[in-house]
Every structure is written in structure tokens, then in C-alpha cells.
Amino acid sequence: RGSSPPTPPTLRLPEFAAAHACTRVDAMQWVALGDPAPFPARARAAAAALPGGEVLLLGGLVGPRCDVWRSPDGGRSWERVLDTAPWSARWGHSVAVLSTGGVLLVAGTGGAGKKLSDAWRSMDGGSRWLCVSSAAPWTPRVGASLVALPGGAAILFGGLDPANAPLNDVWRSEDGGASWERLAEAAPWPARAWAAAGSLAVAGGGESSQVLVLGGLATGDCLLDDVWRS
């Protein structure tokens, strides 16, 4: 693997506060669309922007919760789709919108602090959910990163394991979360949770794309300021 990256400076992770408003960005200006919004206040939930312009809000703290809310107009109004989804209540889960339009939800922390390793998929905007894997081959985790690629694949990496140790493994699913292939047991970047991530289309590359990993929380509550690309 070569030499290890330098140890980042130690910073303490601040506490997360529950959100009380829904906002949007337009030409660098933020507009309050609901303060408070109709859904219960929460933190460490997951959100997904659907191809048709709808937005989903799923789970989170306090609770944890397993509700699903949908906005048809970019966050201005909200309807409760499900009060109790079939997936167990959780926070710190990971969600991605696949190129097929399906929503993939994986992992997180459930009741009593149990880390989860299941995968669920919705093809109708969050109304119905199918458990595509009740126990995926990767370690149960919270705060992982999930990235959808243009060709239909999904990449999962990082997070905190059941002992709250950060991870740097990388997994790929080509079938909407039903099966997973381990691409790397230990990526060259430092193990981390709560990292930002995304995919970039490659110009002239068809369905080719690059994956970015940005920052995150490493061992000892160290906040990272690095950027990695694959």
C-alpha cells in the first residue's frame, strides 16, 4: 500500500441539531420554504432527489424513525408517504438514486445502537419498499457513503463498524443492492465515516464516471480535509 497519509489534525465533531426548516438554493440565495416543515424535527436522516424533481426524506433521529416524506415541488410542500416503512427505524443510513430511478437505502444504526447491514429498494418514489438483501456481505455500519454510477452500479464505502471503528473498504453492487462485490478490503485513503462523496461523468466516456471521496471523520474524532478520486 506504500506509505500512509499524514495524520490529520485533531478536531472534535460538533453535535448535530435537529432541523426545523426546509431550504433551497437558487442563484446563490437561500430561501426558507418551511419553518417549521410539517415533518417532525430530526437529524442524521437521509434525503434523495428523484429524476422527476421530487425529494424524499427518510428516517433519522430522534427515535430513531422509519417514516418517509415526499415533496413534489422541491421542498415547498410535503406529504407523509409512510408513517412506518417496512425497513427498521434507523439513523445514519445511506441512500442513493440509481440510474434506473430506483432509490437504494442501506445500513445505518437502529434501535439500541445496533449497526445494520440490510439493503432496501423503492421503484415508486418511496411508497413501496423491497428488501433486496437482509444481510449484505459487508460489515454492518453507520455513516457510510453510497454513490450511484451512471451505468446502474452503486458503490458503498467507509462508515463506522459495530465497534465504532472507521472503515475504508469499498463494495460495488450491479443489481440494485441485491448482491455485492468487494473491490477493496482497505482503500489507500484513511478509514473514515460521514464522508462526502459523489460521481463525476467522464467527458466522452459514455457511462464511465469517477468517484470522489471528500473529508469525513477518522479515528479519534479527527476531521479530514483530503480529497480522493477513483
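Residues numbered from 1 in each chain as written. Predicted model: local features only at pLDDT ≥ 70, side-chain atom pairs only at ≥ 80, totals over all residues. Heavy atoms only, no water.

1. Focus on the overall build of the protein chain
- Across its full length, the protein chain carries zero helices and 17 strands.
- In the protein chain, of all internal contacts separated by at least 6 residues, the share reaching a separation of at least 24 is 43%.
- Accessible surface, the protein chain: about 11,500 Å² in total, of which carbon and sulfur atoms supply 53%. (Helix = DSSP H or I, 4+ residues; strand = E, 2+ residues; numbered from the N terminus. Contact = heavy atoms within 4.5 Å. Areas by Shrake-Rupley, 256 points an atom, 1.4 Å probe, with all protein chains shown as cover.)

2. Concerning the sheet that holds strand 17 (residues 222-229)
- The three strands are arranged 15-16-17 in an open sheet whose pairing can be described as antiparallel. Each of the sheet's edge strands pairs with one partner strand only, and the pair in question is strand 15 (196-201) and strand 17. Neighbour-to-neighbour, the strand axes of this sheet turn through a mean angle of 10 degrees, independent of strand direction.
- Where strand 15 meets strand 16 (residues 209-218), six bridges bridge the pair, whose relative direction is antiparallel. Directly across from Ala201, in strand 16, lies its bridge partner Ser209. (Pairing = 2+ DSSP bridges. Axes fitted to C-alpha atoms, helices over the stretch in contact; angles between N-to-C directions.)

3. With respect to the environment of Arg90
- Along the polypeptide, Arg90 turns up in the loop between strand 6 (79-82) and strand 7 (94-97).
- Here the alpha-carbon distance between Arg90 and Ala46, two residues 44 residues apart in the chain, equals 9.9 Å.
- Once residues lying within four places of it in the same chain are set aside, the contact partners of Arg90 are Gly59, Gly60, Pro64, Arg65, Leu105, Val106, Ala107, Thr109, Gly110, Leu116, Asp118 and Trp120.

4. Description of the confidence of the model for the protein chain
- Considering every residue of the protein chain, the mean pLDDT works out to 88; 86% of them sit at 70 or more.
- Counting interchain partners and residues more than four positions distant, the pLDDT-below-50 stretch residues 1-22 has 45 contacts. (pLDDT = per-residue confidence, 0-100.)

5. Comments concerning the packing of aromatic side chains
- Tallied over the entire structure, the rule returns six aromatic pairs.
- On the numbers, 5.2 Å between centres and 85 degrees between planes, the contact of Phe39 with Trp78 is edge-to-face. One end of the pair, Phe39, is in the loop between strand 2 (29-34) and strand 3 (46-49); the other, Trp78, is in the loop between strand 5 (65-71) and strand 6, with 39 residues separating them in the sequence.
- On the basis of relative accessible area, Phe39 is assigned to the buried category, the value being 13%.
- Residues Trp138 and Trp180 carry aromatic rings whose centres are separated by 5.8 Å and whose planes lie at 90 degrees to one another, so their mutual orientation is edge-to-face. One end of the pair, Trp138, is in the loop between strand 10 (130-133) and strand 11 (145-148); the other, Trp180, is in the loop between strand 13 (170-173) and strand 14 (181-184), and 42 residues separate them in sequence.
- For Trp180, a relative accessible area of 10% puts it in the buried group. (Phe/Tyr/Trp six-rings, centres within 6.5 Å; stacked < 30°, edge-to-face > 60°. Buried < 20%, exposed > 50% of the residue type's maximum accessible area, 1.4 Å probe, protein only.)

6. So, the pairing of strand 4 (residues 55-60)
- Counting buried positions along strand 4 yields five of six residues, so the element is predominantly enclosed.
- With four bridges joining them, strand 3 and strand 4 adopt antiparallel strand pairing. Counted as the bridge partner of Ala46 is Leu58 from strand 4.
- Hairpin connection from strand 3 to strand 4: five residues lie between these consecutive antiparallel strands, with Gly53 at a positive phi of about 100 degrees.
- When strand 4 meets strand 5, the two strands line up antiparallel, connected through five bridges. Following the sheet pairing, Gly60 is matched in strand 5 by Arg65.
- Counting the residues in the hairpin turn of strand 4 and strand 5 gives four residues, including Gly63, whose phi is positive at 150 degrees.

7. Remarks on the side chain of Arg90
- By relative accessible area, Arg90 is classed as buried at 0%.
- Within polar-contact distance, the side chain of Arg90 engages the side chain of Asp118 at 2.8 Å. (Polar contact = N/O pair within 3.5 Å; in protein donor to acceptor, adjacent residues only side chain to side chain.)

8. So, the sheet that holds strand 5
- If you trace the four strands from one edge of the open sheet to the other, you get 3-4-5-6, paired in antiparallel fashion. Strands at the two margins of the open sheet, each flanked by one partner only, are strand 3 and strand 6. In this sheet, neighbouring strand axes are inclined to one another by 25 degrees on average, regardless of whether the strands run parallel or antiparallel.
- Alignment of strand 5 against strand 6, held across three bridges, turns out to be antiparallel. Among the inter-strand pairings, Arg70 is bridged to a residue of strand 6, identified as Glu79.

9. With respect to unusual backbone geometry
- A cis amide bond links Leu61 with the next residue in sequence, Val62, at an omega value of 10 degrees.
- Structurally, Val62 is set in the loop between strand 4 and strand 5.
- Cis peptide bonds are those with omega within 30 degrees of zero, and the linkage from Gly63 to Pro64 qualifies with 0 degrees.
- Within the secondary structure, Pro64 sits in the loop between strand 4 and strand 5.
- A positive phi angle, close to 50 degrees, is found at Arg44, a residue other than glycine.

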